[in-house]
Amino acid sequence: MNYKEAYEKLEKYGQLHVLKYYDELSEIEKGTLLKQIEELDFGILKYSKENTTNQKGEISPLAAMQLPEIEEHRKRYTEIGVEEIRKGKVAAVLLAGGMGTRLGSDHPKGMFDIGLTRPVYIFQRIIENMLDVVRQAGAWVHLFVMTSDKNHDMTVAFFEEKGYFGYSKDYIRFFIQDVVPASDYEGNVYMEERWKIATSPNGNGGWFSSMNKCGLLNIVREDGIEWINVFAVDNVLQRIADPCFVGATMDNGCVAGAKVVKKNSPDERVGALCLEDGRPSIVEYYELTDEMKMAKDADGNPAYDFGVILNYIFKTQTLVEIMDRQLPLHVVEKQIPYMDDTGRHIEPDVPNGYKYETLVLDMIHQVDTCLAYEVEREKEFAPIKNATGIDSVETARELCKENGILL
Ligand code: UTP
């Protein structure tokens, strides 16, 4: 992109301040800035004023496949899943591009050590769980790890240093998620340097299109991967490429599946899998009305009783079909480091603008069918979101101990 093209693009989105110092930049800096202007999507900045996320349709319950039913069919589902994994048709995508700000560490969240008598890193727990499936199926499962521009190098170096925790290096690939501009409250992008626009990772909803941009869909196609299990970094007990989950989703003719847990209270802060205008959808905990919290199903049980745990499986074909659709943008207040009018670098300690994210949970509303598949929360749900208290290192350690994991 040349200067004229950059000027026109910025003018269209009202962002000409980006070129304020252009004439003073070195040739390398000019090139870097022009490339950034070319690649970034400034169209999203209009959402600083318009909210795209609050327009839900009509919500109704979606019955989950619950534990007794799964138990009844476990053998058959597992056989179907194991066969599919053995044929190399199932891959996993680890979402590890988040900043993990709540945990208060500067490192990628997966590098956090929850061990007590030995090091037990979050990444290690994930790999150990995947190795169980590899042993069960007698085949490696492709693992794609999504990082962000901010944590990529550290993540890759860590896996390398730890010998991939015993996983086959040939089956682990890293890719960097896209970034979007970060702006002030009026939607004007912040500059980080005179030659650099402030950006932030685009949320976990862009994982499949980022995989595509990084050329990984070639591998998916060439290797005939038909199912992709996408999951969050922070649940240290979750089962990945779980054969029974894969088999149940396939056997029920669904194009997607979501692992869910029975909520421990109507107010628990997890999204509930439901129907929205007759299609699968997830309502966030803060979107549940009192009426919905009180609603009962035909058996008299709470109708919105199953929460998602960020572990979904999608048919690859469906992902390709929905890839170019715009997901709702979540506009999040954030502290954004920037350069002020005098050229000084500022690290704000209170929020000063917006970052723009899409979320994987919104992909569920794009698919025609999604199996809500219950898992036992004590065995499969140990999220680490906070340093202490609810969903913290302490609670996850407790749950690991209960499951016989040596820490
Ligand atoms: P969270 O919503 O918990 O966000 O991410 P976070 O950034 O990790 O943590 P906080 O809110 O700053 O404390 C859920 C999952 O999505 C991934 C995270 O790594 C985690 O696995 N994620 C999130 C991405 O991969 N990219 C993103 O841009 C955001």
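Residues numbered from 1 in each chain as written. Predicted model: local features only at pLDDT ≥ 70, side-chain atom pairs only at ≥ 80, totals over all residues. Heavy atoms only, no water.

Points about the site of the ligand
Inclusion rule: For this description, a residue counts as near a given molecule or strand if any of its non-hydrogen atoms is within 4 Å of it. Here a polar contact is recorded for every N or O atom pair within 3.5 Å, except that within protein the pair must consist of a potential hydrogen donor and a potential acceptor, and residues adjacent in sequence are included only if both atoms are side-chain atoms. Method for areas: the Shrake-Rupley scheme with a 1.4 Å probe, in which residue coverage is limited to the protein chains shown. All amino acids are sorted into three groups, where Ala, Val, Leu, Ile, Met, Phe, Trp, Tyr, Cys and Pro are nonpolar, Asp, Glu, Lys and Arg are charged, and the leftover types, Gly among them, are polar.
What surrounds the ligand is a group of 18 residues, the closest being Leu95, Gly97, Thr101, Arg102 and Gln177. Taking Val233, its main chain carries an N or O atom lying 2.8 Å from an oxygen atom of the ligand. When isolated, the ligand has an accessible area of 560 Å², and the protein chains bury 85% of it. The residue inventory of the shell around the ligand, partitioned by class, reads eight nonpolar, seven polar and three charged.

With respect to the pattern of salt bridges
When the charged atoms of two side chains with opposite charge come close together, those side chains can pair. Note the threshold: The salt bridge definition used is simple: a Lys or Arg side-chain nitrogen within 4 Å of an Asp or Glu carboxyl oxygen. Only DSSP runs of H or I with at least four residues qualify as helices, and only runs of E with at least two residues qualify as strands; both kinds are numbered from the N terminus onward. Burial classification: accessible surface area is computed with a 1.4 Å probe over protein chains only, and a residue below 20% of its type maximum counts as buried, one above 50% as exposed, and the rest as partly exposed.
With the rule as written, the count across this model stands at 29 salt bridges. Lys259 is the partner of Asp242 in a salt bridge, and the nearest nitrogen-oxygen pair spans 2.8 Å. With Asp242 in the loop between strand E9 (227–232) and helix H8 (243–251) and Lys259 in strand E10 (residues 256–262), this pair connects stretches of sequence that are 17 residues apart. Overall, Lys259 belongs to the buried group, its relative accessible area being 0%. As a salt-bridge pair, Lys262 and Asp305 come within 3.1 Å of each other at their nearest N and O atoms. With Lys262 in strand E10 and Asp305 in the loop between helix H9 (290–294) and strand E13 (306–315), this pair connects stretches of sequence that are 43 residues apart.

Digging into H8
Within H8, seven of the nine residues are buried, leaving the element largely enclosed by the surrounding structure. In the stretch just after H8, Gly253 is the one whose phi turns positive, near 65°.

Observations regarding the side chain of Thr358
Worth spelling out the cut-off: The contact rule is simple, with two residues in contact once any of their heavy atoms fall within 4.5 Å.
In this fold, Thr358 is placed in the loop between strand E17 (353–357) and strand E18 (370–374). Owing to a relative accessible area of 11%, Thr358 belongs among the buried residues under this scheme. If we ignore the near neighbours within four places in the chain, the residues touching Thr358 are Asn202, Gly203, Asn204, Gly205, Gly206, Gln326, Leu327, Pro328 and Leu329.

Some remarks on the packing of aromatic side chains
The following threshold applies: Between rings of Phe, Tyr and Trp, where Trp is taken as its six-membered ring, a pair exists when centres lie within 6.5 Å; planes separated by under 30 degrees are stacked, by over 60 edge-to-face, and by other angles tilted.
By the definition in use, this model includes 21 aromatic pairs. Geometrically, the ring pair formed by Phe159 and Tyr164 is tilted, given 6.2 Å between the ring centres and 40° between the ring planes. Taking relative accessible area as the criterion, Phe159 reaches 0% and is therefore assigned buried. Ring geometry for Phe159 and Phe165: centres 5.9 Å apart, planes at 80°, overall edge-to-face. Neither residue differs from the other here; Phe159 and Phe165 are each classed as buried. Linked through ring pairs, Tyr121, Phe123, Phe158, Phe159, Tyr164, Phe165 and Phe174 together constitute an aromatic cluster.

So, the environment of Ser148
Looking at the element boundaries, Ser148 is found in the loop between strand E3 (142–147) and helix H5 (152–161). Here Ser148 falls in the buried class, since its relative accessible area comes to 0%. Along the backbone, Ser148 and Ser265 are 117 residues apart, and their C-alpha atoms lie at a distance of 34 Å. Setting aside its immediate chain neighbours within four residues, Ser148 contacts Gly97, Ile176, Gln177 and Pro201.

Structural notes on the state of the cysteines
For clarity, the cut-off: Only a pair of cysteine sulfur atoms within 2.5 Å qualifies as a disulfide here.
In the structure shown here, the tally under the stated rule is zero disulfides. No disulfide involves Cys254; its sulfur sits 7.0 Å from the nearest other cysteine sulfur, which is in Cys370. A relative accessible area of 12% places Cys254 in the buried class.

With respect to the pairing of E18
Spelled out, the test is: One bridge is not enough; two strands pair if DSSP finds at least two bridges between them.
Taking burial as the measure, the five residues of E18 include five buried ones, the bulk of the element. Strand direction decides the pairing type here: E10 and E18, joined by five bridges, are parallel. Pairing of Ala258 across the sheet is with Ala372, part of E18.

Looking at helix H12 (residues 393–402)
As a reminder of what qualifies: What the arc covers is the set of directions going from the helix axis to the C-beta atoms.
All buried positions along H12 are accounted for by Val393, Ala396, Leu399 and Cys400. One side of H12 holds all its buried residues, which, seen down the axis, span an arc of 125°. One or two steps after H12, the chain reaches Gly404, where phi turns positive at roughly 75°.

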